[in-house]
Amino acid sequence: MKILNSKGFNLFSALVAAILLMTGVILVNMLINTEETIGTEAYLMTNNFSLSDAAAIARADALQTFNYNLRKQLENYLTIDEEDIGSASAFNVIKTDDIRTGETWEKLKQNFEKSILLAESTDTQNNFEAVIQWTAERTINQFVESRYGKYNITLDESDKSIATTNLEEVLIKTIRENREEIDFLEIVGCNESECEIGTFYFIIPLDKMKPEEYEKLPLIVVKDLVSGEEIKFPILPKTRLNIYVPLRFFKAIYEAWKKNSSAIIDFEDLLNNGQTLKTGMLGYCDIGCEPRNNPLIAGGTDWESSNCIGISGSQIMQEITNTNNANSLLYNSKYVIGQRNGANELNGFARANICSSAEITYSAFNYHGIGGINNEKTFLNYNLEESRGLPEKSSMGIKKYANCPFNNITTTIISKNTKVIEGTGAGATLDCASIKQVNAEIIFEDNDLLYLVSGTKNFYAIGITSKEFPTQEEDLGICINGSSDGSDKCKKK
């Protein structure tokens with residue numbers, strides 16, 4: 001057997017060794033490259049996570065700024081300053097027509113949501129859209145370029161006025177488009193049976209935004225100052241915001257409904273039970289030619305021993321004052337029968353009767369304010385404190401009502417020419433003044449710090465609106481001033 005040449009064997013071995021060496025080099029290079037790739041990817045993953053972390057903090061800060069500004073401006077919108085109590089307008093949330101239907105609480109919520117929180121108005125100083133505008137402006141203006149470690153955080157839009165306009169328009173449009181689709185309110189600790197708290201959540205449905213609207217929102221930019229990497233995202237998340245508003249506005253509504261609205265309903269019943277269907281009137285309001293001197297009683301057919309234009313200084317009857325306490329409300333002015341007046345007297349008539357009824361109601365509740373910690377008074381009827389009562393209206397000659405739990409009572413008066421005179425004074429017209437509607441305002445004071453956004457106390461002005469009453473606007477014919485026998489009798493033609 002021939003033995004293999006040793007030199008050939010050595011050459012084969014060298015070849016195998018070379019192949020093995022090359023394979024090892026390739027494997028080593030592959031391992032090194034893999035390690036570098038994994039390291040790079042791990043670095044990039046860590047870097048991206050940190051960008052997201054910085055982004056989350058930036059958005060959380062912006063959202064917190066937005067929430068606070070909305071709460072603060074809602075406080076300004078829904079409350080009044082103490083120095084403005086005499087002139088501020090109330091939110092007319094309570095309507096007696098709703099109370100009579102038996103669905104009061106649901107109607108109160110609807111009135112608050114639709115006419116206050118979602119109301120559109122041309123008065124940019126006193127409407128909810130002005131609240132959104134102010135909130136958007138403050139949110140953008142308070143966004144400050146900042147650093148988070150090696151990351152820089154800015155707004156993409158350098159012109160803050162454009163960013164403010166975009167944010168405002170998107171929010172208002174989203175609310176408008178969904179006002180019939182969702183409930184914007186969630187009331188806390190308050191229902192038709194009891195109301196311990198009465199704050200609420202206001203819901204902004206950002207999840208309902210259309211993609212093109214969401215893209216209009218101002219963008220937050222987070223940039224890595226080392227690598228140059230950056231991410232951009234809208235200033236508000238595309239989610240449903242449930243913003244807690246710590247204002248006890250619904251407690252004020254509840255208290256006014258339970259303790260004050262019955263006085264307005266009693267006044268409606270008083271007029272409904274008058275002598276005629278059209279009561280709450282003074283002057284020539286009836287078919288005959290004797291004027292009324294009591295808002296509830298019709299005048300007679302003929303006015304004995306008097307001419308049609310009345311007797312100078314003739315006053316309205318005492319029934320107009322509070323029948324329970326006749327001296328609690330007096331008039332400095334006089335209702336002159338035959339002249340075109342009666343508005344002040346009808347206003348006084350409404351004030352006296354409504355205050356009297358409400359005074360009895362509050363006495364039945366044994367009301368001394370609603371207690372908080374250590375029974376301190378934290379939620380009060382402002383006009384019952386320190387015997388403020390219903391302020392006087394000096395221009396109307398109506399004095400103060402000391403124990404009235406209303407801050408203001410106003411009547412809408414319709415005055416109409418209803419008669420024409422023949423005979424002496426021919427051509428003169430005679431008038432009837434009618435109460436068309438009553439609006440009453442109640443002020444509540446809240447000094448519990450748990451339910452304030454800022455300051456030490458809040459004042460809520462809640463309005464109650466009566467139904468509309470029948471008014472006398474008909475032409476009631478002619479009255480003859482002086483008869484053929486020479487008397488001064490005013491008689492129907």
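Residues numbered from 1 in each chain as written. Predicted model: local features only at pLDDT ≥ 70, side-chain atom pairs only at ≥ 80, totals over all residues. Heavy atoms only, no water.

Visitor: Account for the nonpolar core, with residues named and values stated.
Guide: Counting residues in each nonpolar core, the largest one holds 106 residues, and the members touching the most others are Phe112, Phe200, Phe202, Ile220, Phe249 and Phe406. The biggest single contributor to this core is helix 1 (residues 6-78), with ten residues. Excluding its chain neighbours within four sequence positions, the residues that come into contact with isoleucine 220 are Ala58, Arg59, Ala62, Phe143, Ile153, Thr154, Leu155, Ile231, Lys232, Phe233 and Ile235. Core analysis: the second largest hydrophobic core is formed by seven residues, Ile80, Ile85, Tyr382 and Phe459 among them. (Core = buried A, V, L, I, M, F, W, Y, C linked by side-chain atoms within 4.5 Å. Buried < 20%, exposed > 50% of the residue type's maximum accessible area, 1.4 Å probe, protein only. Helix = DSSP H or I, 4+ residues; strand = E, 2+ residues; numbered from the N terminus. Contact = heavy atoms within 4.5 Å.)

Visitor: How would you summarise the pattern of salt bridges if you had to cite specific residues and measurements?
Guide: Under the criterion given, the structure shown has 16 salt bridges. Where aspartate 286 meets arginine 292, a salt bridge forms, and the shortest distance between an N and an O atom there is 2.9 Å. The same class applies to aspartate 286 as to arginine 292, namely buried. Via salt bridges that share partners, Arg100, Glu268 and Asp269 belong to a single interconnected network. (Salt bridge = Lys/Arg side-chain N within 4 Å of Asp/Glu carboxyl O.)

Visitor: Just give me the short version of the environment of glutamate 422, but keep the residues and values in it.
Guide: Tracing the backbone shows glutamate 422 in strand 12 (residues 408-423). Assessed through its relative accessible area of 28%, glutamate 422 is described here as partly exposed. Residues glutamate 422 and cysteine 308, 114 residues apart in the sequence, show an inter-C-alpha distance of 9.6 Å.

Visitor: With reference to specific residues and values, describe the state of the cysteines.
Guide: Taken as a whole and judged by the stated rule, the model has five disulfides. Note on cysteine connectivity: cysteine 190 is disulfide-linked to cysteine 195, with sulfurs 2.1 Å apart. In this structure, the disulfide formed by cysteine 190 and cysteine 195 twists by about -110 degrees around the S-S bond and is classed as left-handed. Neither cysteine 190 nor cysteine 195 differs from the other in exposure class; each is buried. Between cysteine 308 and cysteine 490 runs a disulfide, and the two sulfur atoms are separated by 2.0 Å. The S-S bond linking cysteine 308 to cysteine 490 shows a torsion near 100 degrees; that makes this disulfide right-handed. (Disulfide = S-S within 2.5 Å.)

Visitor: An account of the packing of helix 4 (residues 128-141) against helix 5 (residues 160-177) is needed here, citing residue identities and associated values.
Guide: Close contact between helix 4 and helix 5 brings their axes to 9 Å; oriented N to C, the two are set at 140 degrees. With respect to each other, helix 4 and helix 5 are oriented oblique. By crossing handedness, the relation of helix 4 to helix 5 is classed as right-handed. Of helix 5, the residues touching helix 4 (which contributes Phe128, Glu129, Ile132, Gln133, Ala136, Glu137, Thr139, Ile140 and Asn141) are Lys160, Ala163, Thr164, Leu167, Glu168, Leu171, Ile172, Ile175 and Arg176. The residue inventory of the contact of helix 4 with helix 5, partitioned by class, reads nine nonpolar, four polar and five charged. (Axes fitted to C-alpha atoms, helices over the stretch in contact; angles between N-to-C directions. Parallel < 35°, antiparallel > 145°, perpendicular 65-115°, else oblique. Left-handed = near helix turned anticlockwise from the far one by under 90°. Nonpolar A, V, L, I, M, F, W, Y, C, P; charged D, E, K, R; others polar.)

Visitor: Can you tell me about the sheet that holds strand 5 (residues 195-205), naming the residues and giving the values?
Guide: Ordered in space as 4-5-8, the three strands form an open sheet in which the pairing is antiparallel. The sheet is open, and its two borders are formed by strand 4 (185-190) and strand 8 (240-245), each paired with just one other strand. The sheet shows a mean angle of 20 degrees between the axes of neighbouring strands, taken without regard to direction. With six bridges joining them, strand 5 and strand 8 adopt antiparallel strand pairing. Counterpart to isoleucine 203 in the pairing with strand 8 is asparagine 242. (Pairing = 2+ DSSP bridges.)

Visitor: Account for the packing of aromatic side chains, naming residues and giving values.
Guide: Using the criterion set out here, one finds 17 aromatic pairs in the structure. Ring centres of phenylalanine 91 and phenylalanine 249 lie 5.7 Å apart, and the angle between their planes is 75 degrees; this geometry places the pair in the edge-to-face category. A residue pair is termed long-range when its members are at least 10 positions apart, and phenylalanine 91 in strand 1 (residues 91-95) and phenylalanine 249 in helix 7 (residues 249-259) qualify at 158 residues. On the basis of relative accessible area, phenylalanine 91 is assigned to the buried category, the value being 15%. With a relative accessible area of 0%, phenylalanine 249 lands in the buried category. Between the aromatic rings of tryptophan 105 and tyrosine 254, the centroid separation amounts to 6.2 Å while the plane-to-plane angle is 80 degrees, which identifies the pairing as edge-to-face. (Phe/Tyr/Trp six-rings, centres within 6.5 Å; stacked < 30°, edge-to-face > 60°.)

Visitor: Describe the confidence of the model for the protein chain, with residues and values.
Guide: With 80% of its residues at a pLDDT of at least 70, the protein chain reaches an overall mean of 81. The least confident element of the protein chain is strand 10 (residues 370-371), whose mean pLDDT is 58; the most confident is strand 14 (residues 458-465), at 95. Every residue in residues 37-47 scores below 50 in pLDDT, and together they form six contacts with partners more than four places removed in sequence or on other chains. pLDDT under 50 marks residues 121-126. Its contacts with residues more than four places away, or in other chains, come to three contacts. (pLDDT = per-residue confidence, 0-100.)

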